[in-house]
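# Working through the structure, step by step
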Amino acid sequence: MLKPYAVQTISYDNLTTFSKQFTKELKPKDVVALTGVIGAGKTTFLRHLLSEMGLCLESGFSSPTFTILNQYELPNVLINHIDLYRLDSFTELEQIDLISLFEPTESMTFVEWADKFEELEPYYTKRLHFDYSSHSPTERLITCYAR
Amino acid sequence: MAQDNKYILGIDTSCDETSFAVLKATTGEVLSNTISSQIKLHAPFGGIVPELASRSHCENISLVCEKSLKDAGITSAQLSAIAVTKTPGLIGCLLVGASFAKALAFQLNIPLFGVNHLVGHLLSPFMGEKPLFPCLGLVVSGGHTAFYDVQSFEDISLLGQTVDDAAGEAFDKCAKLLDLGYPGGPVVDRLAKEGNEKAFNFTVAKVKMGQEYLSFSGLKTAVYHHVQKQTNITEHIKKDLCASLQSSIVKALTEKIAFFFKQKKYKVVTVSGGVALNSLLRKRVQEVCDNLCVPCYMAKPQFCGDNGAMIGYAALMQKHDDELFTLNVHASKKINARKLKQKLTADC
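This structure is a prediction, so every number in the text was calculated from the model and none was measured. (Residues numbered from 1 in each chain as written. Chains lettered and ligands numbered in written order. Predicted model: local features only at pLDDT ≥ 70, side-chain atom pairs only at ≥ 80, totals over all residues. Heavy atoms only, no water.)

## A look at the overall build of chain B
Our working definition: Strands here mean DSSP runs of E at least two residues long; helices mean DSSP runs of H or I at least four residues long; both are numbered from the N terminus. Only protein chains enter the area calculation, which uses a 1.4 Å probe; residues under 20% of their type maximum are buried, those over 50% are exposed, and those in between are partly exposed. For the accessible areas, the method is Shrake-Rupley and the probe is 1.4 Å, while residue cover comes only from the protein chains on display.
Across its full length, chain B carries nine helices and 12 strands. In chain B, which comprises 348 residues, the share counted as buried stands at 58%. For chain B, the accessible surface area stands at approximately 14700 Å², while carbon and sulfur atoms represent 54% of it.

Here is the structure:
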């Protein structure tokens with residue numbers, strides 16, 4: 001069971017600082033759940049985080065909502081960026097052989113819309129939940145969860 | 001076999017659809033273009049199963065192949081080559097197509113081509129037209145929004161692309177925020193026709209990385225806040241929101257066409273991919289091209305979404321020698337690792 005341990009108010013301008021701080025908490029084999037409504041900032045956060053981890057953004061970073069899985073080879077680790085938004089059932093995950101990426105491997109996996117299928121809950125090692133803030137359109141509340 | 005009796009089978013299983021097409025190898029004429037979601041299956045005890053299960057390529061593949069050959073009026077024995085998408089896409093999906101294609105090519109003892117899915121889209125506006133080079137190509141869909149410099153069928157470089165959401169995703173997710181259902185693109189297109197595109201101001205995002213990039217993720221947040229502000233989202237407001245956000249997406253794309261055209265004179269501008277079906281995009285791109293005095297080819301509606309015909313066509317256009325005709329076609333798991341200016345080749 002993942003437990004919340006921090007809630008932070010993050011503006012777009014200090015997203016880089018937050019990403020830097022979160023990078024230090026990541027370990028290989030982590031399967032990180034990213035949750036929150038449309039436009040809450042899941043993909044944007046990941047773009048900042050992967051940039052901190054050494055991804056050259058010019059080489060291409062995009063949302064995997066339609067492609068379902070994007071992979072990035074960083075200097076030390078393979079990143080799986082998964083988006084469950086368009087999947088309708090857990091069976092579909094198995095049909096397209098995506099489930100194997102949730103097993104601990106040497107890669108690091110980030111999953112958007114991670115709370116769609118209960119069956120996946122045991123795989124997650126960390127979770128970040130994104131909420132809009134009532135104070136400012138460019139501000140978000142990020143709740144951090146860990147085991 | 002007489003030259004005009006040669007047929008090529010094009011296969012695409014890169015994402016949601018299982019698609020097969022038969023083309024005349026000499027002319028590129030499309031004889032059939034069969035897509036799994038369009039096939040209605042008759043259930044054994046009456047009634048109709050709505051459609052084949054999405055992404056269940058293993059279950060669909062033989063059926064779609066048979067239907068495609070039947071629609072074209074040929075048998076598999078009449079095929080002279082097979083083309084299959086090898087990348088980019090979901091590895092599990094690509095493997096189903098590649099394995100099926102390999103087995104069939106081996107059985108029939110005919111050559112097999114591996115085709116890049118994006119090259120398939122990129123070249124699809126040339127189907128039935130006279131290809132012109134150099135060409136400025138826009139591929140715009142749910143998963144991709146990218147501009148390419150196409151010097152020839154084989155010499156293709158990426159010019160710029162989205163840094164977050166593809167244009168099609170922006171349409172779909174904004175439609176979701178407005179409770180319009182899925183897929184959102186066609187609904188937004190329809191409602192926008194009755195709305196005022198100046199009612200709401202959705203600015204085109206500027207990307208710090210450079211003018212060759214686009215960003216659409218801010219649109220969702222903008223729509224979210226507009227929705228939050230309204231106490232009652234009337235049909236009228238929805239239509240205005242659709243018109244305004246569609247106009248902003250189209251503006252972002254047409255501005256980029258003008259930007260790239262200013263850097264280099266192209267003989268033709270092409271638009272392909274699922275979002276190329278959007279009526280306003282087709283209209284505005286035509287206007288921009290008329291102003292630039294350059295012809296514009298848009299993919300025909302039946303070749304905008306993922307389809308096997310574009311894969312067969314790309315293989316026909318890209319083949320140069322018998323080297324490509326091998327069974328050495330592997331699906332590739334690496335996607336989205338392309339660098340700007342890096343060449344897209346038949347083998348990448």
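## Thoughts on the side chain of Ser63(A)
Short version of the rule: For this analysis, a polar contact is any N or O atom pair within 3.5 Å, provided that within protein one partner can donate a hydrogen and the other can accept it, and provided that sequence-adjacent residues contribute only side-chain to side-chain pairs.
The residue Ser63(A) is located in the loop between α2 (42–52) and β3 (69–73) in this model. A distance of 3.2 Å separates polar atoms of two side chains, one belonging to Ser63(A) and the other to Thr65(A).

## Digging into unusual backbone geometry
Residues and elements named next belong to chain B. Of note, the bond from threonine 87 into proline 88 is cis; its omega dihedral lies within 30 degrees of zero at -15°. Of note, the bond from phenylalanine 133 into proline 134 is cis; its omega dihedral lies within 30 degrees of zero at -5°. With respect to the helices, strands and loops of the structure, proline 134 is situated in the loop between α3 (117–123) and β8 (135–140). A positive phi angle, near 65°, is found at aspartate 179, a position not held by glycine. A residue is classified by how much of its surface remains accessible, and aspartate 179, at 66% relative accessible area, is exposed.

## Re the confidence of the model for chain B
All names here are of chain B. Condition: The pLDDT value tells you how sure the predictor is about a given residue, anywhere from 0 up to 100. Here, residues are in contact when the closest pair of their heavy atoms is within 4.5 Å.
Confidence in the prediction for chain B averages 88 pLDDT; 86% of positions are at 70 or higher. Note on residues 321–327: pLDDT under 50 across the span, and 14 contacts to partners over four residues away in sequence or across chains. Prediction confidence for the complex, expressed as pTM and ipTM, is 0.91 and 0.92 respectively.

## Notes on the sheet that holds strand β2 (residues 19–24) of chain B
All names here are of chain B. As a reminder of what qualifies: By this definition, two strands are paired if DSSP reports at least two bridges between them. For helices, the axis comes from a line fit to the C-alpha atoms of the stretch in contact; other axes are also lines fit to C-alpha atoms, and the angle between any two N-to-C directions lies between 0 and 180 degrees.
Taken in spatial order, the five strands line up as β3-β2-β1-β6-β7 in an open sheet, and their pairing is mixed. Where the open sheet ends on each side, the last strands, each with one partner, are β3 (30–35) and β7 (112–116). Within this sheet the neighbouring strands show an average axis-to-axis angle of 20°, counted without direction. Pairing analysis gives five bridges linking β2 to β3, with the strands arranged antiparallel. When the bridges of β3 are listed, phenylalanine 20 appears paired with threonine 34. On the sheet, helix α2 (residues 91–108) packs against β1 (7–12), β2, β6 (79–87) and β7 and is oriented at approximately 160° with respect to β6.

## A look at the interface of chain A and chain B
For clarity, the cut-off: Two parts placed together each lose some accessible area under a 1.4 Å probe, and adding up what both lose gives the buried area. By definition here, a salt bridge exists when the distance from a side-chain nitrogen of Lys or Arg to a carboxyl oxygen of Asp or Glu is within 4 Å.
Residue-level contacts link 33 residues of chain A with 39 residues of chain B. Carbon and sulfur atoms make up 54% of the area that chain A and chain B hide from each other, which totals about 3100 Å². At the boundary of chain A and chain B, one finds one salt bridge. With a shortest N-O distance of 2.5 Å, Arg86(A) and Asp16(B) are connected by a salt bridge. At the boundary of chain A and chain B, one finds seven residue pairs in polar contact (both at pLDDT 80 or more). Going through the elements one at a time, α2, β3, β4 (78–83) and α3 (90–95) of chain A are the ones with two or more residues in the side of chain A that touches chain B. Of all the elements, β3(A) adds the most residues to the side of chain A that touches chain B, at five residues.

## Section: α2(A)
Counting buried positions over the 11 residues of α2(A) gives nine, a clear majority of the element. For α2(A), the full list of buried residues reads Lys42(A), Thr43(A), Thr44(A), Phe45(A), Leu46(A), Arg47(A), His48(A), Leu49(A) and Leu50(A).

## Quick word on the pairing of strand β6 (residues 126–132) of chain A
Residues and elements named next belong to chain A. Where burial is concerned, most of β6 is hidden: five out of the seven residues are buried. With seven bridges connecting them, β6 and strand β7 (residues 139–146) associate as antiparallel partners. In the sheet register, tyrosine 132 faces β7, and the bridge partner there is arginine 140.

## Description of the pattern of salt bridges
Residue and element names in this part refer to chain B. Across all of its chains, the model carries 14 salt bridges over all chains by this definition. Residues lysine 24 and glutamate 29 are paired through a salt bridge, measuring 4.0 Å at the closest nitrogen-oxygen approach. A relative accessible area of 25% places lysine 24 in the partly exposed class. Overall, the relative accessible area of 42% leaves glutamate 29 in the partly exposed class. One continuous salt-bridge network, built from bridges that share partners, spans Glu197, Lys283, Arg284 and Glu287.

## Quick word on the packing of helix α4 (residues 167–177) of chain B against helix α7 (residues 235–263) of chain B
The description of two packed helices rests on the angle between their axes and on the distance between the axes. Residues and elements named next belong to chain B. Using the following cut-off: By the definition adopted for this analysis, an angle is roughly parallel if under 35 degrees, roughly antiparallel if over 145, roughly perpendicular if from 65 to 115, and oblique otherwise. Residues are grouped as follows: Ala, Val, Leu, Ile, Met, Phe, Trp, Tyr, Cys and Pro are nonpolar; Asp, Glu, Lys and Arg are charged; every other residue, Gly included, is polar.
Packing of α4 against α7 brings their axes to within 11 Å, and their N-to-C directions diverge by 170°. Overall, the two elements α4 and α7 adopt an arrangement that is roughly antiparallel. In this structure, α4 uses Ala167, Ala170, Phe171 and Cys174 to contact α7, whose residues at the interface are Leu245, Gln246, Ile249 and Leu253. Per-class residue counts for the contact of α4 with α7 are seven nonpolar, one polar and no charged.

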